[in-house]
Amino acid sequence: MGSTRWFAGILAACAYVSLAVQVHAQPPRAPVSRTTAELDRKVQNFLDAERDQWDYLNVPYQDGRILHDLVVKGGHKAILEIGTSTGHSTVWLAWAAAKTGGRVTTIEIDRGRHERALANFKRAGVAEHVDARLADAHDLVKLLPGPWDFVFQDADKEWYLQYFRDLEAKMAPGGCYTAHNVARPYARQVTEFLDYARKRPGVSFRFAEGASAEGISISCWAR
Ligand SMILES: C[S@@+](CC[C@H](N)C(=O)[O-])C[C@H]1O[C@@H](n2cnc3c(N)ncnc32)[C@H](O)[C@@H]1O
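Residues numbered from 1 in each chain as written. Predicted model: local features only at pLDDT ≥ 70, side-chain atom pairs only at ≥ 80, totals over all residues.

A. Quick look at the overall build of the protein chain. For the protein chain, the count of helices and strands is 8 helices and 7 strands. Relative to its full complement of 223 residues, the protein chain shows a buried share of 37%. (Helix = DSSP H or I, 4+ residues; strand = E, 2+ residues; numbered from the N terminus. Buried ≥ 20, exposed ≤ 12 C-beta atoms within 10 Å, placed from the backbone.)

In structure tokens, the structure reads:
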């Protein structure tokens, strides 16, 4: 009788342990793509190592991160950047494009900066997500067909309003148009651009929270 009770006790304990394991067992994790994890590590290492080294009018780190997050959150794929310089913002945008399955077309007029940018894209591991053009954006922006899901303008401030006018008809539904250096009066045309962008029907307008003192404006088209 004693051994029967002992055996029943063992069975009950086993059943309890089995139930507890089932209740607390974690669902199997989705397999992490090694390629994605490796790219993330490579780009993050590059951005961290270069963080204080950018010296060609490049965006501050926090502004690059904001651009990256906007693209990833919006799932934007067709990305246009006006003003590559040596490629800091492009690396952030291209990293985001790698996550959304997109690509960044970026335009720079200065050959030396364009070439340094190309080298940076390779070092960061994002070259395959970038189509870097050496051109005058005044001309090329008009020629590129779009449609664009995401635009970042960061070139000559005097042309901000004109770039926006050239591109607004090429913005995809749900697309967003961002502009850097909008918090300081760099040029009369920046103010004119902001006034114009604010009044576009069917286009929301706001400033990015957490951006540097340079400021980033965000205009988004309805879906
Ligand atoms: C503020 S910097 C861009 C910084 C860059 N977005 C980054 O974060 O690394 C502006 C760049 O626009 C370029 N630029 C100015 N006018 C241009 C034009 N008409 N077409 C193309 N690039 C132009 C300048 O040569 C300069 O490198």
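Back to the write-up after that little detour.
B. Spatial organisation of unusual backbone geometry. Look at the link from Gly 146 to Pro 147: it is a cis peptide, with omega at -5°. Secondary-structure assignment places Pro 147 in the loop between helix 6 (137-143) and strand 4 (148-153). Even without glycine at this site, Leu 57 takes up a positive phi of about 60°. Positionally, Leu 57 belongs in the loop between helix 2 (34-50) and helix 3 (61-74). A count of 14 C-beta atoms within 10 Å places Leu 57 in the partly exposed class. Located in the positive-phi region is Asn 181, a residue other than glycine, with phi close to 60°. Its location among the elements puts Asn 181 in the loop between strand 5 (171-180) and helix 8 (188-198).

C. Spatial organisation of the nonpolar core. Ranked by internal contacts, the top residues of the largest apolar core, which has 49 residues, are Leu 93, Ala 94 and Val 126. Residue contributions to this core peak at 8 residues, all from helix 4 (residues 88-100). Beyond its immediate chain neighbours, meaning those up to four positions away, Ala 94 contacts Val 104, Phe 121, Val 126, His 129 and Val 130. (Core = buried A, V, L, I, M, F, W, Y, C linked by C-beta atoms within 7 Å. Contact = placed C-beta atoms within 7 Å.)

D. Inspection of the pairing of strand 5 at higher detail. Judged by how many residues are buried, strand 5 sits mostly within the fold: 7 of 10 residues are covered. Sheet analysis places strand 4 next to strand 5, joined by 5 bridges and oriented parallel. Within strand 5, the residue paired with Phe 150 across the bridge is Cys 176. As for the winding sense of the linkage, the β-α-β connection from strand 4 through helix 7 (residues 160-167) to strand 5 is right-handed. (Pairing = 2+ DSSP bridges. Right-handed = clockwise from strand over helix to strand, strands pointing away.)

E. Spatial organisation of the environment of Ile 107. With respect to the secondary-structure elements, Ile 107 resides in strand 2 (residues 103-108). The buried category is assigned to Ile 107, around which 23 C-beta atoms lie within 10 Å. Put simply, Ile 107 and Leu 80 are 27 residues apart on the chain and 8.2 Å apart in space, counted from C-alpha to C-alpha. What Ile 107 contacts, discounting residues up to four positions off in sequence, is Ile 82, Thr 84, Arg 133, Ala 135, Ala 137 and Leu 140.

F. Molecular detail of the sheet that holds strand 6 (residues 203-207). Sheet architecture is open: 7 strands sit in the order 3-2-1-4-5-7-6, paired in mixed fashion. With one partner strand each, in any of the chains shown, strand 3 (130-134) and strand 6 form the two edges of the open sheet. Going from strand to strand, the sheet's axes swing by 15° on average, the running direction of each strand aside. In the packing of helix 5 (residues 111-124) onto the sheet, contacts are made with strand 2 and strand 3, and the angle to strand 3 comes to roughly 165°. (Axes fitted to C-alpha atoms, helices over the stretch in contact; angles between N-to-C directions.)

G. Up close: the confidence of the model for the protein chain. Looking at the protein chain as a whole, the pLDDT averages 89, with 85% of positions reaching at least 70. Of the regions scoring below 50 in pLDDT, residues 16-28 engages in 0 contacts with residues more than four places distant in sequence or in other chains. (pLDDT = per-residue confidence, 0-100.)

H. Quick peek at the packing of helix 4 against helix 5. Put simply, helix 4 and helix 5 touch, their axes get as near as 10 Å, and they point 40° apart. Here helix 5 runs oblique to helix 4, going by the angle between their axes. The way helix 4 lies across helix 5 gives a crossing that is right-handed. In contact with Thr 90, Val 91 and Ala 94 of helix 4, helix 5 contributes Ala 117, Asn 120, Phe 121 and Ala 124. (Parallel < 35°, antiparallel > 145°, perpendicular 65-115°, else oblique. Left-handed = near helix turned anticlockwise from the far one by under 90°.)

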